Amino acid sequence: MNYNWDWSVFFKSTGIGSEIYLDWFITGLGWTVALSLSSWVIALLLGTVLGVMRTLPGRFAARFATVYVELFRNVPLLVQLFVWYFLVPDWLPEKLELWFKQDLHPATSAFISVTVCLGLFTAARVCEQVRTGIQALPRGQAMAAYALGLRLPQVYRKVLLPQAFRIIIPPLTSEFLNVFKNSSVASLIGLMELLAQTKQTAEFTANLFEAFTLATVIYFVLNMALMLIMRGVEKRVRVPGLIALGGK
Amino acid sequence: MLHLNDIALRYGAKTVVEHLSLSLAAGQIGCLLGASGCGKTTVLRAIAGFETVREGSIVLGGETVADARRSVPPELRQIGMVFQDYALFPHLDVAGNIAFGLGRLDRAARRARVDELLELVGLTGQGGRYPHQLSGGQQQRVALARALAPSPRLLLLDEPFSNLDVELRERLAQEVRAILKAAGTTAILVTHDQHEAFAVADVVGVMADGHIRQWATPYRLYHEPADRFVADFIGEGTFLPGRIVGAQCIEIELGEICRTVPFGGRPGDVADVLIRPDDIQHDDASPTRARVLAKAFRGAEFLYTLELPSGARVLSLVPSHHDHAIGEAIGIRAEIDHLIAFARGE
């Protein structure tokens, strides 16, 4: 390949004020992080509630959570995003619809759509991990807690969830990283996160290779950093022999 | 204190326990003894509230906690439970485990109660350690302390010693009994090991096929078994055929035995007499000879398997300085204090 790499492109002016192209990447990274963290908060909270519901003795709650999981897991993320961005606002009450479409800044309404979409999509996956984490615990753990006089919410809060979360930190970490990677779908509805900024830079400068290389490096470093943080968390809260202890 | 009235427990269409009744007085330690699969753990779980009672009722301290129509949930029964695998909470330290059921107490009272229990189970000062740092025996004592902490009305122990090695098992069985008696706790133990049952319990129920065959003190189970099954299950021994010769006497190969224990059958009927190893004494002067078929060294004693002239076999416990060779004929004498006999066809 005969290509002249030119890394200085990121420090050239974009022609808009005093901005250089690197600033676009930094802005994009900011959106990506904000989007991913907000989605993750939704996914973790909702996913935990759904995961617990799937393990409850009552039929109704478990069935509801199962339907949720199947629905959100079996429809492509991109389709879900278009539904949230293009269709759902039309179903809102008129006042809310106008507010969403006209009063809000386009970036804000796109941000809300992607956050809800990615949060609910990831919740289905978190739900499954929370469920398997709870089900991996020996039955005696819940029985012991009940026998000591705890009611169901306390049994989950004090015994099952603290242990289940410790077990599922590794798969949960990869789900966390997936949120960051999946957040790139936001570029398709015009939110200027990292991928959108990369594409724009490539188009403006024609330095396609440099732009996408930098984006790759940023995504990679970001995810590695998150992974190392999660590994640290895992080590900190680790209880040796958590699964081995108890046996059955 | 605790009454099980004619209860039935089922898994789907399968009946696990039927027509089971038992009563336990306050402060008493009961035991359900039986082979695995006899339904004993299911009974324990039903008492705790983890299984549904289909017929009959469970009454605890005058309150019906379960019958066919309603069931008090486990968390409201105030029944403590020690699980076979202990089910300690691995993410909490020892003090956290023991304090777990003490949510209603304030901080100071909780700490005082935890210290009290640590002392009771002999783990003073170990409250800060985590379950995985403890030995099996220590984990077991933590499980016991955790279950006792909220002062339950009844304590259930599900095979509490089966994960321990044999030596520790015997010592802990006695310790657990001492702890339960010191705390004045009413308790039910489930085990397949009769030595454990005898070491811990005041009263033992021998279970088979979902029924209690006999509910009695260990001494009576051994010396006055209610039926052939219990006679066979408890202790060692063999049956010798005999002929009933009087109201209270049976003629067997080792002579005529007359005792006050009643048994079924009329004079002339054939009956099987249970001969325990401690019923057969080694006596060089005795004219009755038996040939040594096998021997097991038990330290203080040998357990000899002996063949009588008729070919019938008996066991005999003999002090271990009497070391006889296999094949050798030795003199024996029957010293039967408790006559246990079952008429044929009974």
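Residues numbered from 1 in each chain as written. Chains lettered and ligands numbered in written order. Predicted model: local features only at pLDDT ≥ 70, side-chain atom pairs only at ≥ 80, totals over all residues. Heavy atoms only, no water.

## Some thoughts on the pattern of salt bridges
Stated formally: Here, a salt bridge means any Lys or Arg side-chain nitrogen found within 4 Å of an Asp or Glu carboxyl oxygen. Note on conventions: DSSP H or I runs of at least 4 residues are helices, E runs of at least 2 residues are strands, and numbering of each starts at the N terminus. Burial classes follow relative accessibility: with a 1.4 Å probe on protein chains only, a residue under 20% of its type's maximum area counts as buried, one over 50% as exposed, and anything between as partly exposed.
Counted according to the given criterion, the structure contains 26 salt bridges over all chains. A salt bridge links Asp193(B) to Arg169(B), with the nearest nitrogen and oxygen atoms 3.8 Å apart. Taken together, the residues Asp193(B) in the loop between strand E8 (187–191) and helix H6 (194–200) and Arg169(B) in helix H5 (residues 166–183) connect sequence positions 24 residues apart. Take Asp193(B): its relative accessible area is 16%, and that puts it in the buried class. The partner of Asp272(B) in a salt bridge is Arg228(B), and the shortest N-O contact between them spans 2.9 Å. Linking Asp272(B) in strand E14 (residues 270–275) with Arg228(B) in helix H8 (residues 228–233), this pair joins segments that are 44 residues apart in sequence. On the accessibility criterion, Arg228(B) (28% relative accessible area) is partly exposed. Three or more residues joined by partner-sharing salt bridges are found here, namely Arg54(A), Glu70(A), Arg73(A), Glu128(A) and Arg131(A).

## Quick notes on the UniProt feature "domain: ABC transporter" (unreviewed entry) in chain B
Put simply, the rule is: UniProt positions are given in the numbering used here, feature names are shortened, and annotations may be inferred rather than shown by experiment.
Annotation from UniProt places "domain: ABC transporter" (unreviewed entry) at residues 2–234 of chain B. End-to-end, the C-alpha atoms of residues 2–234 of chain B are 25 Å apart, and along that stretch the chain is 34% helix and 27% strand.

## Here's the deal with the side chain of Ser286(B)
Residues and elements named next belong to chain B. Counted only if it meets this: Within 3.5 Å is the distance limit for a polar contact, defined as a pair of N or O atoms, with the added protein rule that one can donate a hydrogen and the other accept it, and that residues adjacent in sequence qualify only through two side-chain atoms. Any pair of residues with heavy atoms lying within 4.5 Å of one another is described as a contacting pair.
Mapped onto the elements, Ser-286 comes out in the loop between strand E15 (280–282) and strand E16 (289–297). Only 3.1 Å separates the side chain of Ser-286 from the backbone nitrogen of Thr-288, close enough to count as a polar contact. Ignoring any residue separated from it by four or fewer positions in sequence, one finds Ser-286 in contact with Gly-331, Ile-332 and Arg-333.

## Things to note about the pairing of E14(B)
Taken residue by residue, a regular strand's side chains alternate between the two faces of the sheet. All names here are of chain B. This is how the line gets drawn: For two strands to be treated as a pair, DSSP must find no fewer than two bridges joining them.
Of all six residues making up E14, five are buried, and the element is well covered by its neighbours. Sheet topology note: the strand E11 (residues 238–244)/E14 ladder contains six bridges and is antiparallel. Within the sheet, the bridge partner assigned to Phe-239 lies in E14 and is Leu-274. Both E14 and strand E20 (residues 341–343) contribute to a ladder of three bridges, which runs antiparallel. Looking at the pairing, Val-273 lines up with Ala-341 of E20.

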